[in-house]
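The residues making up each chain are set out below.
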Amino acid sequence: MRFIHLAAGAALALSACVAPSAPVTSRTLVSADAATSLAVGESVVEETSTQEAGEGMDPVVSLALRHADGRRLAFQQGNHTNNDLLAQSPGGALAQIMGLPGEESATLYHAVSGEDASEGAFFCGPQGPAAIGTYAAADGTLFVVGLRQAIEFETRVDGETYALPYSPDQVCARLRFRQG
């Protein structure tokens, strides 16, 4: 009997912690070049959702890429740490890695680990990317770069934080899509 009460209490506590699910927006991304088509196929489905946060907190922005055969890679936007924000700044480390001109800025997403977060990677090898950067060009082209490791930062003696050089060997994919 005691076990039943403990189990019921645990279930009640867990249900109180579960936040309502955010609406998911989907769009089909069609490969815009031969290299992307070879890497991921003719198209992938992008699923995005935003979970609102409490006062003073950043929302949790989730992005998933689903392959035509059902494999799925899940990511969360890097909008919670100073280093993530610094990496995404105009002309910052991520823009440089992606080869963006001028003072453009890209969006950083970190891979989400968990049971259903990665049901089989379909780019960047069997482990998938550790992070991705995305950039939507004015003509509607979406650029996605896969990163094997996170962008690292150091703080100098004068207190200035800067990104360490990122090796081109750590870029595992350069993909181009257009909305289908």
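Scroll up to find the structure this text is about.
All residue numbers here refer to positions counted from 1 along the written sequence of the relevant chain. Predicted model: local features are reported for residues with pLDDT of at least 70 only, side-chain atom pairs are reported and counted for 80 or more only, and whole-chain, interface and lining totals are derived from all residues. Side-chain metrics in this entry use all non-hydrogen atoms of the structure; hydrogen atoms and water are not considered.

**Things to note about the overall build of the chain**
To keep things clear, this is the line we draw: To qualify as a helix, a DSSP run of H or I must reach at least 4 residues; to qualify as a strand, a run of E must reach at least 2; elements of each kind are numbered from the N terminus. Exposure is judged per residue with a 1.4 Å probe applied to protein chains only, and the accessible area is read against the type maximum: over 50% gives exposed, under 20% gives buried, and values in between give partly exposed. In what follows, a contact means two residues having at least one pair of non-hydrogen atoms within 4.5 Å. Only the protein chains shown count as cover for residues, and the accessible areas themselves come from Shrake-Rupley with a 1.4 Å probe.
The number of helices and strands found in the chain is four helices and 10 strands. When its helices and strands are written in sequence order, the chain yields α-β-α-β-β-β-α-α-β-β-β-β-β-β. A total of 180 residues make up the chain; the buried ones form 36% of that total. Across the chain, contacts joining residues at least 24 apart in sequence account for 50% of those joining residues at least 6 apart. Per element, the accessible surface of the chain, about 10700 Å² overall, is 54% carbon and sulfur.

**Re the packing of aromatic side chains**
Definition in use: Only Phe, Tyr and Trp rings are paired, with Trp represented by its six-membered ring, and only when their centres lie within 6.5 Å; those with planes under 30 degrees apart are stacked, over 60 edge-to-face, the remainder tilted.
Counted according to the given criterion, the structure contains two aromatic pairs. For the ring pair phenylalanine 122 and phenylalanine 123, a centre distance of 5.6 Å and an interplane angle of 70° mean the geometry is edge-to-face. Accessibility classification places phenylalanine 122 together with phenylalanine 123 in one group, the buried group.

**Things to note about the side chain of glutamate 47**
Let me state the cut-off plainly: N or O atoms closer than or at 3.5 Å make up a polar contact, with two conditions inside protein: a donor-capable atom paired with an acceptor-capable one, and, for residues adjacent in sequence, both atoms drawn from side chains.
If you trace the backbone, glutamate 47 turns up in strand β2 (residues 43-51). A distance of 3.2 Å separates the side chain of glutamate 47 from the side chain of arginine 66, its partner in a polar contact. Residues in contact with glutamate 47, not counting those within four places in the same chain, are Val24, Thr25, Ser26, Ser62, Leu63, Ala64, Arg66 and Arg72.

**Structural notes on the pattern of salt bridges**
The cut-off we apply is this: One side-chain nitrogen of Lys or Arg within 4 Å of one carboxyl oxygen of Asp or Glu is enough to make a salt bridge.
Tallying each qualifying case throughout the model produces six salt bridges. Taking the shortest distance from any N to any O, the salt bridge between arginine 71 and aspartate 69 comes out at 2.9 Å. A cluster of three or more residues bridged by salt bridges with shared partners is formed by Glu47, Arg66 and Arg72.

**A few points about the pairing of strand β7 (residues 142-147)**
Within a regular strand, the side chains alternate between the two sheet faces. What counts here: Note: two strands are recorded as paired if DSSP finds a minimum of 2 bridges between them.
Within β7, five of the six residues are buried, which leaves it mostly tucked inside the rest of the structure. Between strand β6 (residues 131-136) and the antiparallel strand that follows it, β7, lie five residues; glycine 140 among them carries a positive phi value of about 95°. Relative to strand β10 (residues 171-179), β7 runs antiparallel, the two sharing six bridges. Across the sheet, valine 145 pairs through a bridge with arginine 174, a residue of β10.

**A closer look at the environment of glutamine 170**
With respect to the element layout, glutamine 170 can be found in the loop between β9 (161-163) and β10. Residue glutamine 170 is classed as partly exposed on the basis of its relative accessible area, which comes to 22%. Sequence separation between glutamine 170 and alanine 150 is 20 residues, and the spatial gap between their C-alpha atoms is 9.4 Å. Each residue touching glutamine 170, except ones within four places of it in the same chain, is listed here: Gly146, Leu147, Arg148 and Gln149.

**Side note on the nonpolar core**
Worth spelling out the cut-off: For our purposes a nonpolar core is just a set of buried Ala, Val, Leu, Ile, Met, Phe, Trp, Tyr and Cys residues, chained together by side-chain atoms within 4.5 Å.
Among the nonpolar cores identified, the biggest contains 20 residues, and Leu65, Phe123, Ile132 and Phe177 are the most heavily contacted of them. Sorting the residues of this core by element identifies β3 (60-67), β4 (72-77), β7 and β10 as the ones contributing at least two each. A total of four residues in this core trace back to one element, the largest contributor, which is β10. Phenylalanine 123 has contacts with Val40, Leu65, Leu73, Gly128, Pro129, Ile132, Gly146, Ala173 and Leu175, leaving out every residue within four places of it along the chain. Of all hydrophobic cores here, the second largest spans 18 residues; its members include Ala93, Ile97, Leu108 and Val145.

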